[in-house]
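Residue-level listing of the chains:
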Amino acid sequence: MAASDRMVLGPLVGAIDQGTSSTRFLVFNAKTAELLSHHQVEIQQKFPKEGWVEQEPKEILKSVHECVERTCEKLQQLNIDITNIKAIGVSNQRETTVVWDKTTGEPLYNAIVWLDLRTQSTVERLLKRIPGKNKAFFKFKTGLPLSTYFSAVKLRWLLDNVEEIRQAVHDGRAMFGTIDSWLIWSLTGGKNGGVHCTDVTNASRTMLFNIHSLEWDPELCQFFDIPIEILPKVRSSSEIYGLMVCFLKSGALTGVPISGCLGDQSAALVGQMCFQDGQAKNTYGTGCFLLCNTGQKSVFSEHGLLTTIAYKLGRDKPVCYALEGSVAIAGAVVRWLRDNLGIVKTSQEVEKLAAEAGTSYGCYFVPAFSGLYAPYWEPSARGIICGLTQFTNKNHIAFAALEAVCFQTREILDAINKDCGIPLSQLQVDGGMTTNKILMQLQSDILCIPVVKPSMPETTALGAAMAAGAAEGVGIWSLNPGDLTAVTCERFEPQINPEESEFRYARWKKAVMKSMGWETSEAPSNGKPE
């Protein structure tokens, strides 16, 4: 490739996509939105006790370094000039909580992952202080129910149980952040002047943030007894937060602005170009997240959905809200079949087994490993597989696992349709699991509407890149509707009759009822006293 050919590419934007199960770095052409290269590293999850899910913040940071380094090497092999990378965006797993020491740059405990359930007793204790033990007491300020899912209760647990963190807070050395804050602080200098910030989408998942005033709420901080000074500064999703500090051997990317930051589900909404009121997308990752843009008004659900911030694409731009249906276990059920049951060696094999079965043969799988999220918010639920007979084999269980992801999405879609009053005529989808064609067809069959999948599935990273490239002071990516490139898509149309779909859905709902009320926090775990 001649140097003149290289010039044609124009400016590039990088995106760090730090998810629950893996980290990726992807580089896009800012003019065409074409994905040029990427690298992915799987992240280890630790389960020190039943219901506990942790990750090592240093491992997460190292995985980012590795992905950036490898992607830059791949670009150089393609003869693409990496000095054309003019901005970097960050998208991240939300709610996952990190506390670190700002003087040493060391984490003071492992990251507590969003799925983690150790805070159930913390939630119950806090509920006792709320009139009528009303989980929705803070809903109109935060958009969220009181749940183990959100960062405030994780941070409360850390302050209650980790002496090093209490001491660091007392000494004024502690910093709290979700994964975006930990990465931006580390990548902009860390203990040597790193920028401690987050964006409105991530802040809106902490339960400490007022989604109307767009500020940390003193009353909420007081309720959870969290010192406001350890919280990051809240910024828009698209502005220059700071400049990358050198960590690559080549010195590449030093001084490149980090100028986009969105929680992964908001990033996917942007990447799917859902900028209009009423547009929605469903992302199939570790969990499943359906977001519907409600524009500049916050809509409060009557059917178990969350009200969350969709994005604020610039300091002076308006904030947009979304209704969200969150399912804890989607791709994680496939990982469980692989790592825990060992019935497949790779995630791709699940599709093959399900294809061989062609049906679950009356077997239903409710993967309530972390309780049930939307629309039930039932922490006492646990996973069940029911309808088993002597005929049931691993193929049927694989099929039932995929079907479970589709049924859970149907429950959320029903709730969104009720809350919005206008049923969605099709569902835009993205995320790792969408490569599974059987899953996509099943999803269309169970929803009785078409499922539309973009040919470039990395919409989360694309959203972070768009926010970074469009930031004031960068200005290389236009978000004007007329300038956005049309996306080619694959469509899946319903192929079964609605009666069969309704029958299967009704059986699923029956199985969900059987999964509830299983766990009580009073019972000692494993039958042994703690």
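Residues numbered from 1 in each chain as written. Predicted model: local features only at pLDDT ≥ 70, side-chain atom pairs only at ≥ 80, totals over all residues. Heavy atoms only, no water.

### Describing the overall build of the protein chain
Rule in force here: Segments assigned H or I by DSSP are reported as helices when at least four residues long, segments assigned E as strands when at least two residues long, and all are numbered from the N terminus. Each radius of gyration is computed over the set of C-alpha atoms, and the globule rule expresses the reference value as 2.2 Å times the number of residues to the power 0.38. Burial status follows relative accessibility: with a 1.4 Å probe on protein chains alone, a residue under 20% of its type maximum counts as buried, one over 50% as exposed, and anything between as partly exposed. Any two residues whose heavy atoms approach within 4.5 Å are treated as being in contact. Computed by Shrake-Rupley with a 1.4 Å probe, the accessible areas treat only the displayed protein chains as cover when residues are assessed. When charges are counted, neither His nor the chain ends are considered; positive counts come from Lys and Arg and negative counts from Asp and Glu. Lys charges are placed at NZ, Arg charges at CZ, Asp charges at CG and Glu charges at CD.
Secondary structure summary: the protein chain contains 16 helices and 23 strands in total. Scaling as 2.2 N^0.38, a compact globule of 530 residues should have a C-alpha radius of gyration of about 24 Å, and the protein chain matches this with 22 Å. Expressed as lengths along the three principal axes of its C-alpha atoms, the size of the protein chain is roughly 65 × 55 × 45 Å. Within the protein chain, the fraction of its 530 residues that count as buried is 60%. In the protein chain, the share of contacts with a sequence separation of at least 24, taken over all contacts with a separation of at least 6, comes to 72%. Of the roughly 20800 Å² of accessible surface on the protein chain, 53% is carried by carbon and sulfur atoms. Across the protein chain, the mean location of the 51 positive side-chain charges is 2 Å away from that of the 56 negative side-chain charges.

### Re the packing of helix α2 (residues 57–77) against helix α7 (residues 179–187)
We apply this condition: Here an angle of 0 to 180 degrees is reported between the N-to-C directions of two axes, which are lines fitted to C-alpha atoms, with helices fitted over the stretch in contact. Throughout, the term roughly parallel applies to angles under 35 degrees, roughly antiparallel to angles over 145, roughly perpendicular to angles from 65 to 115, and oblique to all others. Should the near helix be turned anticlockwise from the far one by less than a right angle, the crossing is left-handed, and should it be turned clockwise, the crossing is right-handed. Basically, the charged four are Asp, Glu, Lys and Arg, the nonpolar ten are Ala, Val, Leu, Ile, Met, Phe, Trp, Tyr, Cys and Pro, and anything else, Gly included, counts as polar.
At a closest axis distance of 11 Å, the pairing of α2 and α7 adopts a crossing angle of 60°. It follows from the interaxial angle that α2 and α7 lie oblique. Regarding α2 and α7, the two cross each other, and that crossing is right-handed. Along its contact with α2, which presents Pro57, Lys58, Ile60, Leu61, Val64 and His65, the element α7 presents Ile179, Trp182, Leu183, Ser186 and Leu187. Grouping the amino acids of the contact of α2 with α7 by side-chain chemistry returns 8 nonpolar, 2 polar and 1 charged.

### Section: the sheet that holds strand β3 (residues 35–42)
Cut-off, in case you're wondering: Any two strands with at least two DSSP bridges between them are considered paired.
Pairing is mixed across the open sheet formed by 6 strands, whose spatial order is β3-β2-β1-β5-β14-β13. The open sheet is flanked by β3 and β13 (238–243), the only strands paired with a single partner. Strand after strand, the sheet turns through a mean of 25° between neighbouring axes, direction not considered. Bridge count for strand β1 (residues 12–18) against strand β5 (residues 85–92) is 7 bridges, and the pairing is parallel. Bridge pairing links Asp17 to Ser91 in β5. In this fold α7 packs onto β1, β5, β13 and β14 (257–263), with an angle of close to 150° to the strand it touches most, β5.

### Some details on helix α10 (residues 264–271)
Within α10, 8 of the 8 residues are buried, which leaves it mostly tucked inside the rest of the structure. Burial in α10 covers these residues: Asp264, Gln265, Ser266, Ala267, Ala268, Leu269, Val270 and Gly271.

### Thoughts on the side chain of Arg382
This is how it is decided: Under this definition, polar contacts are N or O atom pairs within 3.5 Å; protein pairs additionally need one hydrogen-donor-capable and one acceptor-capable atom, and for neighbouring residues in sequence, both atoms have to be side-chain atoms.
Inspection of the secondary structure puts Arg382 in the loop between β19 (364–366) and β20 (384–386). A polar contact is formed between the side chain of Arg382 and the backbone oxygen of Pro379, at a distance of 3.0 Å. Setting aside chain neighbours within four positions, we find Arg382 in contact with Leu117, Val366, Ala368, Phe369, Gly371, Ser515, Trp518 and Glu519.

### Section: the side chain of Ser501
One can find Ser501 in helix α16 (residues 498–515). Relative accessible area serves as the criterion here: at 1%, Ser501 is assigned to the buried category. Not counting the four nearest positions on each side in its chain, Ser501 is found in contact with Arg410, Asp445, Ile446, Cys448 and Ile496.

### Details of the sheet that holds strand β21 (residues 427–430)
Across the sheet, 7 strands lie side by side as β17-β18-β16-β15-β21-β22-β23; this open sheet has mixed pairing. Only two strands of the sheet have a single partner each, and these edge strands are β17 (306–311) and β23 (489–492). Strand-to-strand twist of the sheet, defined as the mean angle between neighbouring strand axes without regard to direction, takes the value 30°. In the sheet, β17 pairs with strand β18 (residues 320–327) via 5 bridges, with the strands oriented antiparallel. Within the sheet, the bridge partner assigned to Tyr311 lies in β18 and is Cys320.

### Topic: the pattern of salt bridges
The condition is simple: Think of a salt bridge as a Lys or Arg side-chain nitrogen and an Asp or Glu carboxyl oxygen that are within 4 Å of each other.
Tallied over the full model, the rule gives 35 salt bridges. A salt bridge links Asp160 to Arg125; the nearest nitrogen and oxygen atoms lie 2.9 Å apart. Here Asp160 is found in helix α5 (residues 151–161), whereas its partner Arg125 is found in helix α3 (residues 120–127), with 35 residues between them in sequence. The closest approach of N and O atoms between Arg491 and Glu493, which form a salt bridge, is 3.1 Å. Since its relative accessible area comes to 45%, Arg491 is described here as partly exposed. Three or more residues are tied together by salt bridges with common partners; here these are Arg94, Glu95, Arg205, Asp264 and Glu324.

### Here's the deal with the pairing of β1
A regular strand places its side chains so that they alternate between the two faces of the sheet. With 7 of 7 residues buried, β1 lies mostly within the body of the structure. Judged by which residues are buried, β1 turns out to be covered on both faces: Leu12, Gly14, Ile16 and Gln18 on one side and Val13, Ala15 and Asp17 on the other are all buried. Here β1 runs beside strand β2 (residues 22–29); their pairing, made up of 7 bridges, is antiparallel. In the sheet register, Ile16 faces β2, and the bridge partner there is Phe25.

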